[in-house]
Structures are given as C-alpha cells and as structure tokens.
Amino acid sequence: MCGSSSTTSTSPDDRRAAAPAASTPTPTPAKGADDFADVEDPGAGGAGGAGGVGWMAGVDAIGRFPTCPVCGAAYPSPTPARQRLDCLTVLEHGGHGTLTVRWDGLSMATARSDIAFLHRRAGFGASPAQLDAAVAGGYDAAVDALVGVGARADADPEPPPTFAPLPRLADVRTDPQARSTYAQMVRQQGTELTGWWVRRMVASADPFTEKLTFFWHGHFATSITKVRVAQAMLAQNEIFRRSGNGPFDALTLAVARDPAMLAWLDAGQNRKEHPNENFSRELMELFTLGIGNYTETDVREAARAFTGWRVDASRTGFQLAAKQHDDGTKTVLGKTGDLGGEDVIALVTHQPASARWVCARLFSRFAAPVEPDANPAADAMLTAYGSALDAGAAVAAMLRSPAFLASRGKLVAQPVEYVVTTLRALGLRVTPAADGSADASAGAGGGGGAGTDVAAGSGALPQRAVLAALAGLGQVPFQPPSVGGWPENAAWLTTASTQVRTRFATAAAAAANLASIADEPAAGRPDAVAHLLSLDGWTARTREAMTGAGGNPARLVALALLSPEYLTV
C-alpha cells in the first residue's frame, strides 16, 4: 500500500471484508460526479470494491464526500479536497464520524512521485516524511506550499556574514604588505561567503527561494574572482533572494546598479568619450532579449545611456558620475530621446521577446532545455508573467504545467544541486572551521573530493570537504566561469567529475546515520535506500550493482548517490 489516511493496524483487506453488503442502498449521485465517469468504480465490480457500493456516485468534482459513499446518508464532515480519486477505497464505516478511506494503487504512487520530482527540481529534494504529508493535500497544494514558504520566520537559519573592509586600493598598489593582506582577506572572505551560502542551502526551510536565487546567480552571472569584494557579492545575492520572485524589470534594474555587476562588466571604463559596450551587450544578449531581438546599433546606443554608472567610493553602492554621462539623444529599439540607463532597462524588459526569453530560461533551468519559440509551457507561463513581468507567477505556472511533469530525466543535477540535495537527504550538517582559515584553500579552487577525515556516523561533513568537492566538480557558488554562467547536463558527467563524486558520495554515506537502512532485512535495503532518497525505485541494472554491496548500508547509499536515477532529475 502506497499510503493511507487510516491510523489503525487493521489490514485493508480485513476492512473491505467488513464493509456493508451489496444490499446497502446506492447513494444519490452528487453534483459533479459525471466528471469521474471514465474512472473504474471498484464497487461496481472492480477489484477491491466496498461491498458493491458505487462510491463514485458519492464523490463531487473536488473530491469531497457530500454523501456517505457506503450508505448514501448525508455526511456531516466532508473530507478535505483530494486529487487523483481513481484509486480511493473505503476501508471502514464505523459511523459517519469515523469513515476512513485510502488513496492507494497507481494513483498514490504517481502523486508521491510527482511531488518528489517537484521538490527535486524546484527545491533540494524532500524527506519521506515531507512527502507523506504533501501527498495528502495533492500536487497543487504542494506547489503552493513550496513556492509560498518565503514569508516563514524560520526560513533563515544561517544569517549572512559580515566582512571587515578591505585595504584601500591606493595602498594596495604601493605597499607590498597591504597587497599581501588584501590578497589574504579576499581569499578568506570569499571562502567564508561561499561556505555560508552552501550551509544556508542545506539548512533552509525555504529551499525554493534558495534554488531560485541560485538560478538568478547563473542568469546574471557575476564572479568574485574579478569582483573580489565579498560584501558586494553578498549584496547581489540578497538582491536575487529578495527580488527574484517579483517583477523582472525591477530585478534587472537592481542588478544593473549593483556594485558587483558594475565591477564585473567594467562600468568604470564606460565614459562619455569612449562608451564601453560590455554591459549593454550582455543586458540584451543574455539577460533580457536573446540574440536576434536587437541590433548592433541598439547595443552601441544603449552603452551611451549607461555611461557614468559607477561604484561609489565605499565600494558598496551606486553613483552616477555626471561628467562622464552622455545626455545626448539616443535611439534604442526604435525609441528616441535623452535615454538614461533606467529607460533602456524599462525598454528591453518590456519587449515581448524579453518575456519569451525569460520564461524559456526558467523552463530550461527547472524543466528541460528549450529555445524561446519552442517552450511547451509558454502559454501558461506568459499569461502568468503578464504585464507586471511577474517572474514568480511564471515559475508557479510552469510547475503546474503538464510540460513540467513530462520533463523527467531531462536534466543532470548541477554539482551544487547534487551536493546540497545529498546533504539534506542524509540529514548532514556542514561544519565550518572556527576561524575559517582551514577552509581557505578548498574555496580557492583546487580540491578534488570530500576529504578522508570524516567521522563515521557523525552527522556532519567539514565545510572544507564540501567546498573541495564542489571545486572538483567544477561549480563553486560565486565563481561562474563566464558571464554566460555554468554549462548544463552532459558537461557535468566527465571522468574527472565521476572520481570526485565517488569520493564525496562515499564520505557523505559514511557520515550519515543510516539506522533506518540497517534496521531492514538485507534484501529490502535497496528499497529502503530509495525511500530515504525519495526516489521511485531502481532499474534492474542499478539493483544488480547494489547486490555487490553485500547489504552494507553505507555502500548501498554511496552506490545510490552515483546511480543514473539519482544523477538525472
């Protein structure tokens, strides 16, 4: 049995045997029952029927019981609305106040699988207990719960770090000691920032917001390797978290004026006499429109509109250097006037091509790679996005679309998704060094795995090991390789990454408390691992590979974490 609303130990078969006999009067059809006419009625001859009673006649179009499905009398306390009624079975009829039904069979398994898939794609997975609770409410309610968590007070378990000011650049250029101190602080602060976000993703009660923040980080890709100021990268990260679920024009403007983006795309070189096209080009090509929806003239004219945009003296804010700003007449996307940067952003984000581009980028990251003119969820997403450019509404519409649920297996988990989802599934904490110094080398780049100093069953992995694994897998937060962000899918399945992933999986499995697996008979442990990881099950090939683990819980989990069923989502 895949699931039940019953709280007693009586078997389903026993309860069906105790149901009223076939002579029980059939209830009067309720309004809306015709909506389910094509579903087999167990009581009308199908397997598992409740004494010959046609229960479908007592179920209305939203899954409540206006009349008792057994005796036909008015039922005073309708059950909550449910979905997927095709496998509802009456389990007992001990008076109207204790009527119990079971949602089982293919319907229950499908509902659980759909919601597990939702949480893998739009969050970082869900625990078995979370899935059990979510299935009872149905898929739409699960979407609402996942995307609506942001207002919860407990959604911020890892407050953001604070950073000491870096030495003045004027001193760094002339003083070797200041230069050495600057380089050391940049490395340590970068590692501290990266470790904080990884810990936050692992511990957050609002995984959807963190996942969406990570999406925008890749969309408006900016790297600390060039920006170098951790405080600026943190401020940009907070923009994505605060504004990523709202109007896209407001988000784009906030990012355009953000010190990290200004430094990343060379705003300091964009002067009235010599406009720099870096930002205006990426704004149109990658951020808002896509190639083919603007001209080179639009890029050049837009660059003039952004002349004089600067990071302020504190390196934490925006300022307009009026003497460096071109206030002459410009023409961008057919509009002529004394256009400033704000005007250009309003123009590009409100183009029809921009709506298609943004929705396609969202679908590509959360569902399957698509071009803007081939997005199977475009109608629903564009309607939700609307004139308000509501990115959050577009995501919610996408998650409810048939095309989203049809995209299973179309994405390879990105390294950050893989690592965070694994840590959450196994209940592992990430523990930073007391002073951050021991983590610096891992965050800086080289690392090749999860380390060997992991205490068995400790329930935690050292932050340096986690950051080393991410570096070895090729994806460290705050370090995208280019303005185009990170690659996707097959790019993550290299020989080198397989070796790193194996070390990480082994270390994570060793650190986890796997008592729930060990308590199962050896033959049932592969299925117990699938349940722990909220997977539907294993292919014959994966199950055969698991037989070589000899029932060892840690080896089984490590193999599962390397399986195609886990790596593809």
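Above: the structure in question.
This is a predicted model, so every value here is computed, not measured.

S.K.: Explain the layout of surface pockets here, please?
M.R.: Space left empty within the atom packing is revealed by a probe, the size of a water molecule, rolled over the atoms. Approximately 550 Å³ is the volume found for the largest pocket. In terms of lining residues, the largest pocket is bounded by 30 residues, among which His119, Gly125, Ala126, Gln130 and Pro207 are the most central. Of all the elements in the fold, those that place two or more residues in the lining of the largest pocket are helix 2 (105–122), helix 3 (128–137), helix 4 (139–147), helix 6 (176–203) and helix 19 (415–425). Sort the elements by how many residues they give to the lining of the largest pocket and helix 3 lands first, with 5 residues. For the lining of the largest pocket, the per-class residue count stands at 19 nonpolar, 8 polar and 3 charged.

S.K.: It is not clear to me how the packing of helix 7 (residues 207–219) against helix 9 (residues 230–243) should be interpreted in this structure. Could you clarify?
M.R.: Where helix 7 meets helix 9, the axes come as close as 8 Å, and the angle between the chain directions of the two elements is 125°. Relative to helix 9, the element helix 7 lies oblique. When you trace helix 7 past helix 9, the crossing you get is right-handed. In this structure, helix 7 uses Thr209, Glu210, Thr213, Trp216 and His217 to contact helix 9, whose residues at the interface are Asn237, Phe240 and Arg241. Split into classes, the residues belonging to the contact of helix 7 with helix 9 amount to 2 nonpolar, 4 polar and 2 charged.

S.K.: Just checking my understanding: could you explain the packing of aromatic side chains for this structure?
M.R.: The geometry of an aromatic ring pair comes down to the distance between the two centres and the angle between the two planes. Scanning the entire structure with this criterion turns up 17 aromatic pairs. On the basis of an interplanar angle of 80° and a centroid distance of 5.0 Å, the ring pair of Phe306 and Trp309 is categorised as edge-to-face. Classification of Trp309 as buried rests on a relative accessible area of 4%. Members of the aromatic cluster, connected to one another through ring pairs, are Phe215, Trp216, Phe220, Phe240, Phe248, Phe279, Phe287, Phe306, Trp309, Phe318 and Phe366.

S.K.: Can you help me understand the environment of Thr225 in this one?
M.R.: With respect to the helices and strands, the residue Thr225 is situated in helix 8 (residues 224–227). On the basis of relative accessibility, which here comes to 51%, the residue Thr225 falls in the exposed class. For the pair Thr225 and Arg187, spaced 38 residues apart in the sequence, the C-alpha separation amounts to 9.4 Å. Among the polar contacts made by the side chain of Thr225, one reaches the side chain of Ser223 at a distance of 2.6 Å.

S.K.: Sorry, what's going on with the nonpolar core here?
M.R.: The nonpolar side chains of a soluble globular protein tend to be buried, and buried together. Ranked by size, the top nonpolar core spans 143 residues in total, and within it Trp216 and Leu461 carry the most contacts. Sorting elements by how many residues they give to this core places helix 6 first, with 9 residues. Beyond its immediate chain neighbours, meaning those up to four positions away, Trp216 contacts Phe240, Gly244, Phe248, Leu251, Val358 and Ala391.

S.K.: Any chance you could explain helix 26 (residues 553–561) here in plain terms?
M.R.: Note on helix geometry: an α-helix contains 3.6 residues per turn, so any two residues three or four positions apart are oriented the same way. Listed as buried for helix 26 are Pro553, Leu556, Val557, Ala558, Ala560 and Leu561. Contact partners of the buried residues in helix 26: helix 19, helix 22 (495–511), helix 23 (515–518), helix 24 (525–532), helix 25 (540–546) and helix 27 (564–567).

Rules used in this analysis
Residue numbers here run from 1 along each chain, matching the order of that chain's written sequence. Given that this is a predicted model, residues contribute local features only at a pLDDT of at least 70 and side-chain atom pairs are listed and counted only at 80 or more, while totals for whole chains, interfaces and linings are drawn from all residues. Only hydrogens and water are removed before side-chain values are computed, so all heavy atoms of the structure are retained for them. The way it works is a 1 Å grid over only the protein atoms, where trapped points that fit a 1.4 Å probe form a cavity and open points with protein on both sides within 12 Å along at least five of seven lines form a pocket, and then any residue with an atom within 4 Å of a point lines it. Grid points are joined across faces, edges and corners, and a volume is the space filled by probe spheres set on the points. Put simply, DSSP H or I for four residues or longer makes a helix, DSSP E for two residues or longer makes a strand, and each gets a number counted from the N terminus. Think of it as three bins: nonpolar holds Ala, Val, Leu, Ile, Met, Phe, Trp, Tyr, Cys and Pro, charged holds Asp, Glu, Lys and Arg, and polar takes everything else, Gly as well. Think of each axis as a best-fit line through the C-alpha atoms, taken over the contacting stretch in the case of a helix, with angles from 0 to 180 degrees between the N-to-C directions. Any angle between 65 and 115 degrees counts as roughly perpendicular, while under 35 counts as roughly parallel, over 145 as roughly antiparallel, and the rest as oblique. Crossing handedness: left-handed means the near helix sits turned counterclockwise from the far one by under a right angle, and right-handed means the same turn made clockwise. Any two residues having at least one pair of non-hydrogen atoms within 4.5 Å are treated as being in contact. A pair of aromatic rings is counted whenever rings of Phe, Tyr or Trp (Trp by its six-membered ring) have centres within 6.5 Å, and the orientation is called stacked for planes under 30 degrees apart, edge-to-face for over 60 and tilted otherwise. A 1.4 Å probe rolled over the protein chains alone gives each residue an accessible area, and that area as a share of the maximum for its type sets the label: buried under 20%, exposed over 50%, partly exposed in between. Identification of polar contacts relies on pairs of N or O atoms within 3.5 Å, with a donor-acceptor requirement for protein atoms, meaning one able to donate a hydrogen and the other able to accept it, and with residues adjacent in sequence counted only if both atoms are side-chain atoms. Only buried residues count toward a nonpolar core, which is a set of Ala, Val, Leu, Ile, Met, Phe, Trp, Tyr and Cys residues joined through side-chain atoms within 4.5 Å.

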